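Okay, here's what each chain looks like letter by letter:
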Amino acid sequence: MIGTRPTVLALILTLSGSAAMAQPPAEPLSLWYRRPARQWVEALAVGNGRLGAMVFGGVAQERIQLNEDTLWAGGPYDPANPDALEALPKVRELTFAGRYREAHNLIGQKMMAKPLDQMPYQCVGDLLLKFPDANGVTDYRRDLNLDTAVATVAYTIDGVRYTREVFSSPVDQVIVVRLTADKPGKVTFTAGMKTLQKASVTVESPETLVMQGVNEGSRGIAGALTYQARVAIAASGAPVVPGDGRITVEGADSALLLIAAATSYKSFKDVTGDPEALTKDTIARASKRPFETLLKDHVAAHQKLFRRVTLDLGTTPAAQRPTDERIRDPNKVNDPQLAALYFQFGRYLLISSSRPGCQPANLQGLWNDSMNPPWQSKYTININTEMNYWPAEPTNLGECVEPLVAMVMDLTETGARTAQVCYGAGGWVTHHNTDLWRASAPIDGPQWGMWPMGGAWLCLHLWDHYDYSRDKEYLARVYPALKGAAQFFLDTLVEEPEHKWLVTCPSLSPENGHPFGTSVCAGPTMDMQILRDLFTNCIRAAEILGVDEDFPKQAAATRARLAPNQIGSAGQLQEWLEDWDMKAPEMHHRHVSHLYGLYPSDQIHVRTTPDLAAAARKSLEIRGDEATGWGIGWRLNLWARLHDGEHAYKILAMLLRPERTYPNMFDAHPPFQIDGNFGGTSGIGEMLLQSCAGEIELLPALPKAWPSGSVKGLRARGGFELDIQWKENKLVNATVRSLTGGSCRLRYGAVTRDLNLAKGQSAQWDGVK
Ligand code: FUC
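Note that this is a predicted model, so its numbers are computed, not measured.

Reading the values: rules and limits
Residues numbered from 1 in each chain as written. Predicted model: local features only at pLDDT ≥ 70, side-chain atom pairs only at ≥ 80, totals over all residues. Heavy atoms only, no water. Helix = DSSP H or I, 4+ residues; strand = E, 2+ residues; numbered from the N terminus. Buried < 20%, exposed > 50% of the residue type's maximum accessible area, 1.4 Å probe, protein only. Polar contact = N/O pair within 3.5 Å; in protein donor to acceptor, adjacent residues only side chain to side chain. Contact = heavy atoms within 4.5 Å. pLDDT = per-residue confidence, 0-100. Pairing = 2+ DSSP bridges. Axes fitted to C-alpha atoms, helices over the stretch in contact; angles between N-to-C directions. Parallel < 35°, antiparallel > 145°, perpendicular 65-115°, else oblique. Left-handed = near helix turned anticlockwise from the far one by under 90°. Nonpolar A, V, L, I, M, F, W, Y, C, P; charged D, E, K, R; others polar. Core = buried A, V, L, I, M, F, W, Y, C linked by side-chain atoms within 4.5 Å. Near = heavy atom within 4 Å. Areas by Shrake-Rupley, 256 points an atom, 1.4 Å probe, with all protein chains shown as cover.

## Side note on the side chain of His589
The residue His589 is located in the loop between α14 (550-560) and α15 (610-623) in this model. When its relative accessible area of 2% is taken as the criterion, His589 is described as buried. At 3.1 Å, the side chain of His589 and the backbone nitrogen of His591 are in polar contact. In this structure His589 touches Pro510, Glu511, Asn512, Arg623 and Arg635, once residues within four positions along its chain are discounted.

Here it is, written out as structure tokens:
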């Protein structure tokens, strides 16, 4: 169809014209819009854990921006600084003498990684589909159906309804794009590719676009990967015509595009994969399967995970509006379904960015259009990567943790070398970031990087996966990682001079400066809390597995000598060994590291340690509510753990504002960082169900704004699954199913009930004794 190209303004007017306004999709768990994406944070994300795409939905041109989760810069490298070990005693001496700035400087000179930064996660490139110029577009809608994991673009031109469907199949390992029209012979487009990588695009006999290239070097580490992306195009009712780096289809009834991508990455130390063979083989297999089969298998694989949890917080007319308008709404009408949508979007994102066999979800999950994204889109493990996985177990997506577990197993290897080279210690250690190559040395600078706790924190997720599943075989597999993490601290903890407590040194309370011109210090509260969990979980694991007699004893003895949680002069939980909190230069810092003990840990709990919980509350009040996206996400979970539903709700409302949520529902740090999405999902879950401090608590932080609702399929520690229904802000009924057999204590307000269920057995409770 040939016409004159409309001006952008005319197009927008047409697209939003009331004459043919698109109606909301039938599936309420959809993101939807009445205009194409103008910027990346409006485009819609699909992913199969490994292959990601951002779908823009343009009428004149579709941009499908592609990612593959092993396409990072660089190659295998070891950044451990060989000068570190010699400097360590002096750094400790300076730190304990209160000469923090000197300690900081010495760390900067001798202990930091070489290179000082890690490698960036990078983009593959774009698939571009150019369509004939069009006038008079009506009834435009693009949507992302969270229940099927399919993005759809549909619009009408001259009485012809055009539809584009895009999904990334975890079964067939391809991104599928189907173009159809409701009249024959109307599908016309030219497909091409572009990239920021060092790559070429050619047409291969005759229906496949091939992009092949090499990854970039970065910070002196040479690029060691090759990669390919292939787009195979099939059309019905018209030929596929090859051109110079382009393929054209004219007047077809429909067209099917299959996109495969791979790099030569096999592991952090092996880059001998063959992306050509991999992508050819993937396309060959997927091409044999009709669209309907590709779609059916994709939807089934997605729904197997996604449909395990349903959440109903009530629906108001606001739910009929396009998603961007709902987020933008300055008056914020009552829209409880938006919170439910946000909750399910977080689950959707985890399923789409972290499937078994893939890389873990990084700072942007899987989606990135840049060669040097913010913070390199790495794994920041002083909060961000952990937050990505907070919703995994409680929202019934235990499988999605597998890539994180696999990364930790890699880190036990690279981290053992860093432990040895930099500390002369056994076990393994990782600092505040890692990347595709599992780099484990301290990076960026002493203020941020000199924190040896990243691996120890990740071990909490290893334990939690057991605690929710009670899978002993799995526990036996990860036990060496837990033990190795603990071993490093048995070898490196030092006695602080005043109380003779055992502390980390040097370390820091993530990334918060104390009053003495740096963050470098000894034994910050968070480190002690993480170590208490690590030692406790090691001891429990050894008991369950019946292994290692001496090691648990040693761990218990060391645990008893860690510096305790302390309450400071303002009634706050002290962030450091000393009562420095009220003198710290950034009182409202986004990190709330010392509150780790309240969430994700349960060392501090309103019921079991009320004084410490009150101090944690005080710290939270002093810090204030405003923060980055993930900072707000953390505060949400903390207020839920304090059983303050109204404050939690207030924080959630802040997260859902346009300042913290982009039109495509990605979290705004800003810029985009996916952790806030996951922290939000986890926080909504924590408002409805908490599984900590030895109990399963129903509706612990239910706000007045959600008077009636239900949630089904949440998980609790001990292998339990729960459905909860409430009305007029009160529990109506809960069902508890035991997946493994075992006992638990349920709580609703002041009432408790002890249950002992056989495997597969369930019980009902209405909250009355
Ligand atoms: C830490 C945070 C920043 C950001 C970055 C990826 O440095 O303090 O806010 O989230 O990680």
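## Side note on the confidence of the model for the protein chain
On average, residues of the protein chain score 96 in pLDDT, and 97% of them are at 70 or above. In this model, residues 1-19 is a region of pLDDT below 50 whose contacts with residues beyond four sequence positions or in other chains number 26 contacts.

## Some details on the sheet that holds strand β22 (residues 689-692)
Sheet strands pair by backbone hydrogen bonding; their relative direction is either parallel or antiparallel. Taken in spatial order, the 4 strands make up an open sheet running β22-β23-β27-β28, and their pairing is mixed. The sheet terminates laterally at β22 and β28 (751-757), the two strands that pair on one side only. The sheet shows a mean angle of 25 degrees between the axes of neighbouring strands, direction not considered. Note that strand β27 (residues 742-748) and β28 share 7 bridges and pair antiparallel. Note that in β28 the partner of Arg747 across the bridge is Thr752. Packing of helix α18 (residues 675-688) onto the sheet brings it into contact with β22 and β23 (695-698), and relative to β22 it is tilted by some 90 degrees.

## Observations concerning the sheet that holds strand β29 (residues 762-765)
Taken together, the 5 strands give an open sheet; going across it, the order is β17-β24-β25-β26-β29, and neighbouring strands pair in antiparallel fashion. Two strands close off the open sheet at either side, each with one partner strand: β17 (310-312) and β29. Shown here is a sheet whose adjacent strand axes are inclined to one another by a mean of 20 degrees, direction ignored. Bridge analysis of strand β25 (residues 720-727) against strand β26 (residues 730-738) gives 8 bridges, and the strand direction is antiparallel. Bridging across to β26, Ile724 finds its partner in Ala734.

## Quick word on the packing of helix α12 (residues 472-492) against α14
Two elements in contact, α12 and α14, have axes separated by 11 Å at closest approach and are oriented at 45 degrees. By the angle class used here, α12 and α14 are oblique. By crossing handedness, the relation of α12 to α14 is classed as left-handed. Between α12, through Tyr479, Lys483, Ala486, Gln487 and Leu490, and α14, the contact on the second element is made entirely by Phe551, Gln554, Ala555 and Thr558. Looking at the contact of α12 with α14 residue by residue, the class counts come to 5 nonpolar, 3 polar and 1 charged.

## Description of the packing of α12 against helix α13 (residues 525-545)
Where α12 meets α13, the closest approach of the two axes is 9 Å, and the angle between their N-to-C directions is 135 degrees. Classified by the interaxial angle, the pair formed by α12 and α13 is oblique. The interaxial crossing formed by α12 with α13 has left-handed handedness. Note on element contacts: α13 touches α12 through Leu531, Leu534, Phe535, Cys538, Ala541, Ala542, Ile544 and Leu545, opposite Lys472, Leu475, Ala476, Tyr479, Leu482, Lys483, Ala485, Ala486, Phe489 and Leu490. Partitioned by chemical class, the residues of the contact of α12 with α13 number 16 nonpolar, no polar and 2 charged.

## Observations concerning the nonpolar core
General note: in soluble globular proteins, nonpolar side chains tend to be found buried as a group. Formed by 230 residues in total, the largest nonpolar core has its most connected members in Leu127, Phe189, Leu257, Trp457, Trp634 and Phe666. Excluding anything up to four places from it in sequence, Phe666 contacts Trp40, Ala45, Met54, Phe345, Leu349, Trp367, Arg660, Thr661, Phe672 and Asn677. Core analysis: the second largest hydrophobic core is formed by 12 residues, Phe167, Val174, Ala232 and Ile283 among them.

## Considering the side chain of Glu686
Within the secondary structure, Glu686 is located in helix α18. Since its relative accessible area comes to 5%, Glu686 is described here as buried. Among all residues touching Glu686, those that are not within four sequence positions of it are Tyr599, Asn637, Ala640, Arg641 and Pro700.

## Quick notes on the site of the ligand
In the vicinity of the ligand, the contacting residues are Leu363, Trp375, Thr380, Asn384, Glu511, Arg590, His591, Trp630, His669 and Gln673. Within the contact set of the ligand, an oxygen atom lies 2.9 Å away from a side-chain nitrogen or oxygen of Arg590. One of the side-chain N or O atoms of His591 is found 2.7 Å from an oxygen atom in the ligand. Contact with the protein chains removes 96% of the 290 Å² of surface that the ligand exposes when unbound. Residue classes in the shell around the ligand are distributed as 3 nonpolar, 5 polar and 2 charged.

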